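Here are the chains, one letter per residue:
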Amino acid sequence: MEEAFVQLVCPECAKDWQSSPSDLPKHDDMFHCPNCHASRRTAEFTRTNRDLETLKTFQ
């Protein structure tokens, strides 16, 4: 099985990275940017709607 990745971007500091959906909290749980420590719902860090759908699918 191919592993999925979600592209993320911080809405505050603009850091971008990718992560496996299994390493992230649920889309509506709080998530903290590893760079600036901004706190928002995980969904707000997803780069595109497709990334959000992938996150929802694998959780």
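Look a little higher up for the structure.
Since the model is a prediction, treat every value here as computed from it, not as a measurement. (Residues numbered from 1 in each chain as written. Predicted model: local features only at pLDDT ≥ 70, side-chain atom pairs only at ≥ 80, totals over all residues. Heavy atoms only, no water.)

## Here we look at the environment of T54
Along the chain, T54 turns up in helix α1 (residues 49-57). The buried category is assigned to T54, whose relative accessible area is 15%. For the pair T54 and M30, spaced 24 residues apart in sequence, the C-alpha to C-alpha distance is 18 Å. (Helix = DSSP H or I, 4+ residues; strand = E, 2+ residues; numbered from the N terminus. Buried < 20%, exposed > 50% of the residue type's maximum accessible area, 1.4 Å probe, protein only.)

## Let's talk about the pattern of salt bridges
Summed over all chains, the structure comprises four salt bridges. Of the charged contacts in the structure, one is a salt bridge between D16 and R47, with a shortest N-O distance of 3.2 Å. Of this pair, D16 sits in strand β2 (residues 16-19) while R47 sits in the loop between β4 (39-41) and α1, and the two are 31 residues apart along the sequence. D16 sits in the partly exposed class, given a relative accessible area of 48%. (Salt bridge = Lys/Arg side-chain N within 4 Å of Asp/Glu carboxyl O.)

## So, the pairing of strand β1 (residues 6-9)
Only one face of β1 is covered, namely the face carrying V6 and L8; the face carrying Q7 and V9 is uncovered. Here four bridges tie β1 to β2, and the two strands are oriented antiparallel to one another. Bridge assignment links V6 to a residue of β2, and that residue is S19. Linking β1 back to β2 in an antiparallel pair, the connection comprises six residues, with A14 at a positive phi of about 70°. (Pairing = 2+ DSSP bridges.)

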